[in-house]
Amino acid sequence: MIQVNKLHKYFNKGKSNEIHVINDTCLEFGNTGLVCILGESGSGKTTLLNTLGGLDVFHNGSINFDGTNVAKHSIKEMERIRNSKFGYIFQEKYLLQDYTVAYNIRLALNMYDLSDEEKEARIDYVLKSVDMLKYKKRLVSQLSGGQQQRIAIARALVKSPDVIFADEPTGSLDEASTMRIMSIIKKISRECLVILVTHEKRIAEFFADRIIRIKDGRVIYDALWEDQKTYQYSDDTNLYLKEFDKESYHNNEIKINVFGNGRKHQLVLNLVYLNDKYYVQTPDEEKVVFLTSNNETQMVDDYKPTLDMEQVEEFDYSLERLEASKRSKFSYKDIYQLAKVNVKMLGKRQIFMIASFIIASVLLVIALVDYMTAAAVDKKSIITRDSNYISVEAKRNSSAEDNEYINSYNLIYNKFISDRIAPDIYLDLKTRLSFTDDSFEQITNLQYIMSDFSYVTLEHFKADDLVYGRMPKSRDEVIIDKWLLDVFYKSDSILKTLLPDPQDFLGLELKSTNASLTIVGICDMDEPTIFIDKYKGLSLAYPSNNVASLEQLQAAYPGQYDNITLGKDEVLVSESYNKVREGNGNKMPISGDMYQVVGTYPDDFGADYVIGKDTYYAVLSRSIFNDKKFVIYAEDKTPILNYFAQNLGGFDKTFVELKVSDTYHEQLATFKAERAVKMNARLIATLVIFGVSMFMLFFTMKSNAIKRVQEISVYRLMGISKRSIISSFILEIILMTNDTVLPVVLIFSSMIKFIASVPSFQLTIVYPWLAMIALLVFIYAVNIIVGILPVYGIVKLPPARIEEKA
């Protein structure tokens, strides 16, 4: 069944302390029989057994198992064979101490398709055979060393394997138990092959069918062995009276029987009989031992017991052999149950591990909150310009006269307008708006100032961009970006309570020194912008230029002004304003230019002038000329910036200095720079916290894995697949994280969110729930990876090497 050809194995190969532990070994084993391997300690007999049993690798040679040839390092092939064909009895027992006897034996049946009833029947049978049935539900840790050894033997027997490898199987048993176990092994060796390592020559010579002697890694003796007829117990401490000569001394009152072989020492005894008791005294106390029922040594009126082979053959043991049907792995149910039990036991034996999980979780939450808060330098507190704005401002050089400065600026501006580079030009409005809120009777006339924003004309707004409200229907109605509402909320925590929903701003009036604007729509274009009618925007720049368009007048008074047209220099004025101006002719000044008054309209329209499109651009140009600055609105700013960069060189810069700036880009750069400064500082702190947390987790999990090497060793020695072991540890880590990290992160995060939400604390904390979820996913992933790395480092070793670490 097993053929070993030129097998070699080394310890510390290639090093100065190299040991050739298996040296050119050739052996052949049949399908049945009891083969005993003898040798001095360190001779290599256990290593040979482990190598034959697939628990260790070899360096050269081959092992043929029932026609399957396994070359060196064929770990997977060897594992398949040993799981389906081999059983093991280990000198160190390798039992799971915190589990029951039944569970430990059931591990050996893991790869067989048996019902629970069939498994229980086999477990009961082998436990009864080793006289341990009554301990079936007992924890292994509650058993003595000898009892544990019998459980380990029962585990090897329960699946009736083709080959049993036994390493000193009776080393911790008394002689009576040894004979019982060896009788079972001898009995089953008639049906399967048993290869047994022992140092007890007498046992080998009585039970063995073949004896192999090992010395320094070499086989020095290999021969069939004829069974001895009888085995006499050697460590029986009882005194068997029929083994001795007998002499009797007696009279009418007392009889003394003296047993012994050879010359006896004269014994002096003084006996006194009083009150129905004998009192005994002797001057030779050191040579007299008094035996009671509590003594280990007893006198037995019989011959010393022996065991003969006929008795062994009569020993009743028969268990049906099983056929492997699948890989030796845990079922999902087994994995879950195992992980659940281990997590439960962690509460008792791994307090430090649980504490490390909790501390690391708290540190990671703190680090994440700190980092995100630093990373979220509020862009809305820095950027005040629409991203489509380009600012142009002229300044007079110190040596220029007024007319030189004005003429130079006029040439530059007219050239820019005539080249038709800019899609839209605005006055650089710096108007501040305010509004009041009377949501609560107890709090009235609270005024809020809105500043640092941009105006954009409604021509650049699409109805699809509306989030709340409607499009403006009159010149006094505007759309406001949610950006500005967020700025309000951040600057005043009370406002968030008064107007918690952005829709609460619909209908609010925004007032300036000469105008009132009503919010009718809210968008979310992530810009600090108010969308306004362009005529109303022109009016905000100069209180004296409260202008409206002819189309707006016609819409306000249907049918009354439909036949009116306005030329470039013509305007309409309000009736009251016309009366004030009577006596000054029909000319009216707007921004320094005179316009012909061609009609009037009612005062309730709310405008000083009604002008046409040509007049609008004329007034706009005059206002820009007066201010010497303007803004350009362009969705693509590159051509305009390039234009100024290329054409300014052709202008006479003796009298005027023109500053063209992408204010949004400059403010964004400031924002990024501030964030980078804070981020760099926080990054170092975060990395330190992360490193400390990872250090704690890694060494905690590594310590846990090291403490459980014996458990892992048992699973691998029983043939449980690496994947199943790793899966059980992964699930265990998940369950442990559920019990520790998950509630800690949820509770701690909720506390942080609550503190951040209390207005009176005035705290700026950026920690969205999505970040907490991401942190949890990260912690779970890290715990699994960190927890599995040391386990994987253990399970990838051959089982015998794991055994050495246990």
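Rules and cut-offs
- Residues numbered from 1 in each chain as written.
- Predicted model: local features only at pLDDT ≥ 70, side-chain atom pairs only at ≥ 80, totals over all residues.
- Heavy atoms only, no water.
- Core = buried A, V, L, I, M, F, W, Y, C linked by side-chain atoms within 4.5 Å.
- Buried < 20%, exposed > 50% of the residue type's maximum accessible area, 1.4 Å probe, protein only.
- Contact = heavy atoms within 4.5 Å.
- Patch = residues over 30% accessible without salt bridge, like charges linked within 9 Å, V, L, I, M, F, W, Y side chains within 5 Å.
- Areas by Shrake-Rupley, 256 points an atom, 1.4 Å probe, with all protein chains shown as cover.
- Salt bridge = Lys/Arg side-chain N within 4 Å of Asp/Glu carboxyl O.
- Helix = DSSP H or I, 4+ residues; strand = E, 2+ residues; numbered from the N terminus.
- Axes fitted to C-alpha atoms, helices over the stretch in contact; angles between N-to-C directions.
- Nonpolar A, V, L, I, M, F, W, Y, C, P; charged D, E, K, R; others polar.
- Pairing = 2+ DSSP bridges.
- 1 Å grid on protein atoms, 1.4 Å probe; cavity = no way out; pocket = protein on both sides within 12 Å on 5 of 7 lines; lining within 4 Å.
- Points joined across faces, edges and corners; volume = space filled by probe spheres on them.
- Phe/Tyr/Trp six-rings, centres within 6.5 Å; stacked < 30°, edge-to-face > 60°.
- Lys NZ or Arg CZ within 6 Å of the ring centre and 35° of its normal.
- Parallel < 35°, antiparallel > 145°, perpendicular 65-115°, else oblique.
- Left-handed = near helix turned anticlockwise from the far one by under 90°.

Formed by 78 residues in total, the largest nonpolar core has its most connected members in Phe435, Met450, Tyr455, Phe505, Ile530, Ile611 and Phe630. Not counting residues within four places of it along the chain, the set of residues in contact with Phe630 comprises Ile390, Ser391, Val392, Tyr409, Tyr413, Phe416, Ile425, Tyr426, Asp428 and Ile624.

This part covers a nonpolar patch on the surface. Taken together, the side chains of Tyr249, Ile256, Leu267, Leu269, Leu271, Tyr273, Tyr278, Val280 and Phe290 present a nonpolar region at the surface, about 890 Å² in accessible area. Residue assignment for the nonpolar patch shows that the elements contributing at least two residues are β15 (270–274) and β16 (277–281). With respect to the helices and strands, the residue Leu269 is situated in the loop between β14 (255–260) and β15.

Right, let's talk about the packing of helix α21 (residues 722–739) against helix α22 (residues 741–757) for a bit. The interhelical angle for the contact between α21 and α22, taken along N-to-C directions, is 35°, at an axis separation of 3 Å. Here α21 contributes Met736, Thr737, Asn738 and Asp739 to the contact with α22, which in turn contributes Val741, Leu742 and Pro743. A breakdown of the residues in the contact of α21 with α22 according to their chemical character gives four nonpolar, two polar and one charged.

What the four strands build is an open sheet, ordered β20-β34-β19-β35; its pairing is antiparallel. Each end of this open sheet is capped by a strand with a single partner; those strands are β20 (424–426) and β35 (656–661). Strand-to-strand twist in this sheet, taken as the mean axis angle between neighbours without regard to direction, amounts to 25°. With five bridges joining them, strand β19 (residues 389–396) and strand β34 (residues 629–633) adopt antiparallel strand pairing. Considered in β34, the bridge of Ser391 is made with Val631. Of the strands in this sheet, β20 and β34 touch helix α17 (residues 613–627), which is tilted by about 55° from β20.

Turning our eyes to something else, we now look at the layout of surface pockets. Empty space within the largest pocket amounts to approximately 1200 Å³. As for the largest pocket, its lining consists of 24 residues, of which Ile256, Asn257, Val258, Phe259 and Leu267 are closest to the centre. Of all the elements in the fold, those that place two or more residues in the lining of the largest pocket are β13 (245–250) and β14. In the lining of the largest pocket, the residues fall into 17 nonpolar, four polar and three charged.

Quick look at the packing of aromatic side chains now. The relation between two aromatic rings is expressed through the spacing of the ring centres and the mutual angle of the planes. What the rule picks out here adds up to 25 aromatic pairs. A centroid spacing of 5.5 Å and a plane angle of 70° characterise the contact between Tyr413 and Phe630, whose relative ring orientation is edge-to-face. Pair noted here: Tyr413 is in helix α11 (residues 402–418) and Phe630 is in strand β34, with a separation of 217 residues, a long-range link. By way of ring pairs, the aromatic residues Tyr409, Tyr413, Phe416, Phe625, Phe630, Tyr643 and Phe644 are connected into one cluster. One residue, Arg213, lies across the ring of Tyr221, its end atom 5.6 Å from the ring centre. Looking at Lys534, its charged tip hangs above the ring of Tyr616, at a distance of 4.9 Å from the centre.

Direction vectors running N to C along helix α20 (residues 709–717) and helix α23 (residues 769–795) enclose 50°, while the axes themselves pass 10 Å from each other. Comparing their axes, α23 and α20 come out oblique. The chirality of how α20 crosses α23 is right-handed. Here α20 contributes Val709, Ile712 and Arg716 to the contact with α23, which in turn contributes Val791, Ile794 and Val795.

To continue, consider helix α1 (residues 45–52). Because an α-helix completes one turn every 3.6 residues, residues spaced three or four positions apart along the sequence face the same direction. Among the eight residues in α1, seven count as buried, and that is most of the element. What α1 keeps buried is the set Lys45, Thr47, Leu48, Leu49, Asn50, Thr51 and Leu52. The positive-phi residue at the C-terminal boundary of α1 is Gly54, with phi of around 75°.

Our next topic: the sheet that holds strand β6 (residues 86–89). Taken in spatial order, the six strands of this open sheet run β6-β7-β8-β3-β9-β10, and their pairing is mixed. Edge positions in the sheet fall to β6 and β10 (218–224), since each has one partner strand and no second. The average angle at which neighbouring strand axes cross in this sheet is 15°, direction not considered. Its contacts with the sheet place helix α6 (residues 175–188) against β3 (33–39), β6, β7 (163–167) and β8 (193–197), and it is angled at close to 140° to β8.

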